[in-house]
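Descriptive structure summary
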Amino acid sequence: MSRPDLLDPNVFASTYTGGFRYPYVRGRALGGTTAINALVQMWGHRDDWNSWSATHGLTGWNWRSVSAEIERLGLPSHVPVASEIGPVTSAVLAAARELGASECRHQAETLDGAGAVALSLVGGRRADAFGLFVTPRVLEDSGRMIVHAGAAVAEIVIEADRATGVVVGADAFTVDGVVLAAGTVWSPILLRRSGISRAGIGRNLKDHPAISLWLGLRDGFAFTASNLEVAGLVVASSTDDADINLLPVDPNQLVVAVTKVSSVGHVTEVDGTAEVVLGTLETHDDATRMLAALRLAADVCASREFTNVVETVSIDAKGTPLSTLLAHDDETIISYVRRLPGAYSHAVGTCRMGLDSDAEAVVDATGAVFGVDGLWVADASVFPDIPRAATQVPVMAVAGRIAHGIAERLR
Ligand SMILES: Cc1cc2nc3c(=O)[nH]c(=O)nc-3n(C[C@H](O)[C@H](O)[C@H](O)COP(=O)(O)OP(=O)(O)OC[C@H]3O[C@@H](n4cnc5c(N)ncnc54)[C@H](O)[C@@H]3O)c2cc1C
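Below or above, wherever it landed, is the structure these notes cover. Predicted model, so just to flag it, every value in this text is computed and none were measured.

Quick notes on the rules
- Residues numbered from 1 in each chain as written.
- Predicted model: local features only at pLDDT ≥ 70, side-chain atom pairs only at ≥ 80, totals over all residues.
- Helix = DSSP H or I, 4+ residues; strand = E, 2+ residues; numbered from the N terminus.
- Rg over C-alpha atoms; globule rule 2.2 N^0.38 Å.
- Contact = placed C-beta atoms within 7 Å.
- Near = placed C-beta within 6 Å.
- Expected span 1.5 Å × (residues − 1).
- Buried ≥ 20, exposed ≤ 12 C-beta atoms within 10 Å, placed from the backbone.
- Pairing = 2+ DSSP bridges.
- Axes fitted to C-alpha atoms, helices over the stretch in contact; angles between N-to-C directions.
- Parallel < 35°, antiparallel > 145°, perpendicular 65-115°, else oblique.
- Core = buried A, V, L, I, M, F, W, Y, C linked by C-beta atoms within 7 Å.

Overview of the overall build of the chain
Scanning the chain for helices and strands turns up ten helices and 19 strands. Computed over its C-alpha atoms, the radius of gyration of the chain comes to 21 Å, within 12% of the 22 Å expected for a compact globule of 411 residues. Taken over the C-alpha atoms alone, the chain extends approximately 65 × 45 × 40 Å along its principal axes. Within the chain, counting contacts between residues at least 6 apart in sequence, those at least 24 apart form 69% of the total.

Comments concerning the site of the ligand
Taken together, 31 residues lie around the ligand, and Gly-32, Ala-38, Gly-183, Ala-390 and Gln-392 are the ones closest in. By residue number, the principal contributor to the shell around the ligand is helix 5 (residues 183-193), which donates four residues.

As for helix 10 (residues 392-410)
For helix 10, spanning 19 residues, the distance from its first C-alpha to its last is 27 Å, which sits close to the expected 27 Å at 1.5 Å a residue. Every buried residue belonging to helix 10 is among Gln-392, Val-393, Pro-394, Val-395, Met-396, Ala-397, Val-398, Ala-399, Arg-401 and Ile-402, and all of these are buried. Along its buried surface, helix 10 packs onto strand 3 (40-41), helix 2 (63-73), helix 4 (129-140) and strand 19 (375-377).

Points about unusual backbone geometry
Phi is positive for Ala-242, close to 50°, though the residue is something other than glycine. Its place among the elements puts Ala-242 in the loop between strand 13 (232-236) and strand 14 (244-249). Its 25 C-beta neighbours within 10 Å are what place Ala-242 among the buried residues. The phi dihedral of Ser-345 is positive, around 65°, even though this residue is not glycine. With respect to the helices and strands, the residue Ser-345 is situated in the loop between helix 9 (330-339) and strand 19.

A closer look at the sheet that holds strand 4 (residues 113-116)
Pairing is antiparallel across the open sheet formed by six strands, whose spatial order is 4-13-14-15-12-18. Of all the strands in the sheet, just strand 4 and strand 18 (310-314) have a single pairing partner and so form its edges. In this sheet, adjacent strand axes meet at a mean angle of 20° when their direction is disregarded. In terms of strand pairing, strand 14 meets strand 15 (residues 253-258) through six bridges, oriented antiparallel. Counterpart to Val-249 in the pairing with strand 15 is Gln-253. In this fold helix 3 (residues 87-98) packs onto strand 4, strand 12 (210-217), strand 13, strand 14, strand 15 and strand 18, with an angle of close to 30° to the strand it touches most, strand 13.

Details of the sheet that holds strand 8 (residues 153-159)
Reading across from one edge, 8-9-10 is the order of the three strands in this open sheet, with antiparallel pairing throughout. Both edges of this open sheet fall to strand 8 and strand 10 (171-174), since each of them pairs with a single strand only. Direction aside, the axes of adjacent strands within the sheet are offset by 30° on average. Relative to strand 10, strand 9 (residues 162-168) is paired through four bridges, and the arrangement is antiparallel. When the sheet's bridge partners are listed, Val-168 is paired in strand 10 with Asp-171.

Thoughts on the packing of helix 6 (residues 284-302) against helix 9
A pair of packed helices is captured by two measures, namely the crossing angle of their axes and the spacing between those axes. Axis separation between helix 6 and helix 9 bottoms out at 10 Å; the angle between their running directions is 95°. By the angle between their axes, helix 6 is roughly perpendicular relative to helix 9. Across from Ala-287, Met-290, Leu-291 and Leu-294 in helix 6, the residues of helix 9 making contact are Asp-330, Ile-333, Ile-334 and Val-337.

Digging into the packing of helix 2 against helix 10
Between helix 2 and helix 10, the least distance of the axes is 9 Å, while the angle of their chain directions is 95°. What the angle tells us is that helix 2 and helix 10 run roughly perpendicular. Contact residues: Val-66, Glu-69, Ile-70 and Leu-73 in helix 2; Val-393, Met-396, Ala-397, Gly-400 and Arg-401 in helix 10.

Focus: the nonpolar core
Where a protein is soluble and globular, its nonpolar side chains tend to be buried together. Grouped together as the largest cluster of nonpolar side chains are 115 residues, with contacts concentrated most on Val-92, Val-234, Val-256, Ala-297 and Val-369. It is helix 6 that provides the largest number of residues to this core, a total of eight residues. The contact partners of Val-92, leaving out residues within four places of it in the chain, are Gly-232, Val-234, Leu-246, Pro-248, Leu-254, Val-300 and Phe-306.

A look at the environment of Val-270
By the element assignment, Val-270 lies in strand 16 (residues 266-270). Once the C-alpha coordinates of Val-270 and Asp-171 are considered, the two residues, 99 residues apart in sequence, prove to be 23 Å apart.

Considering the pairing of strand 9
Pairing analysis gives six bridges linking strand 8 to strand 9, with the strands arranged antiparallel. The residue bridging Val-153 from the neighbouring strand is Val-168, located in strand 9. Connecting the antiparallel pair strand 8 and strand 9 is a turn made up of two residues, with Ala-160 showing a positive phi of about 50°. Hairpin connection of strand 9 to strand 10: two residues between the antiparallel strands, including Gly-169 at a positive phi of 60°.

Section: the environment of Leu-213
Counting through the fold element by element, Leu-213 comes out in strand 12. Between the C-alpha atoms of Leu-213 and Leu-180, which are 33 residues apart in sequence, the distance is 37 Å. Those residues in contact with Leu-213, other than ones at most four positions away along the chain, are Gln-253, Leu-254, Val-256, Ala-297, Val-313, Ser-314, Ile-315 and Leu-322.

Printed below as a string of structure tokens:
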């Protein structure tokens, strides 16, 4: 899935403060993390988008406006056909249907069910954000847009509460405005480095907690190079709609994830390194959902369709069976999962959007940073809550709406 040369070596995570520290995958490339991600396209649950206005007071942000933006983006997508889907993915989907899951493509306002996922592919090649949105404009606007690949912004220059420049290495560039899109990990760090002190910066981080199950395939079955990296997904409900995902990934793993999350974490900078604390499964709701997700995975793994293809299902590379973990009491299971390095890598929320009266909010409904003129944030960090979905399409939609707002203002 990931090319090591495109990964950011300066980002680490632990699931709780003082917990095991491990590299937290982020793309460092043109196109950001879309240059290395698993390509899955989901739009997010209708209720998640409606909560932006209903719960967070963000006028204009709801399922209607965001889905219209996604339609407008016209993203290319490829829905794998049966012959492209590998035996493990097919077995997971068939097993879920055997257990009563409906057929679902996961690109609609409601998501529960099992089915092939749409992938960001054009002609079999990755369609990343740079190729989709920047390259065409570079070609059209030749001479007006300059891309400095490989240049890391050290800080934004703020003078008299206005963004007037960016510092890159030894150079300082004077600018009329700054749209920050460094992602959930680095955008808050850059705001802090630039002297902005809004309380919520770096806080309210949410990611989808996840655990990978290791699959021992029967003789004659394998993920093969011709299978798409990720082709099928099971979305199910425990205490809420669409709050569980089962996602088969190469090599031989089944990711079990919780997608409706109330635990929060944070990110800080220590000597140039980003340190993420995820806060994994800290709330009772999240723990309950993870237990339900693991039990659903066990049911899928015990089904006839699945056992025809997969011989063993383990919780670690040593081969400890999933059933051994599930034989323990709930508290032991959750404390085991919390100690593992695991998340779906969909972090959001560290510069969250909200009303000025909300001390935790960092940007307003247009993406503008409170208290600083000419500075916007347009990436996953502005999400006031995590959607029950993979995040790349939601991020593109949010960034698209923020970009329109800025363009309107400048007109
Ligand atoms: C392993 C993995 C798999 C994933 N799979 C999927 C999937 O299948 N489907 C899906 O929908 N989502 C997936 N995601 C999540 C999705 O890719 C992200 O939510 C999305 O890319 C976030 O977009 P962003 O613009 O907020 O940040 P990013 O995409 O992370 O982009 C931030 C960019 O800013 C750059 N940057 C940071 N600091 C600086 C600086 N100081 N100066 C200059 N540039 C800087 C970074 O290098 C990066 O290029 C996955 C994520 C990971 C990690």
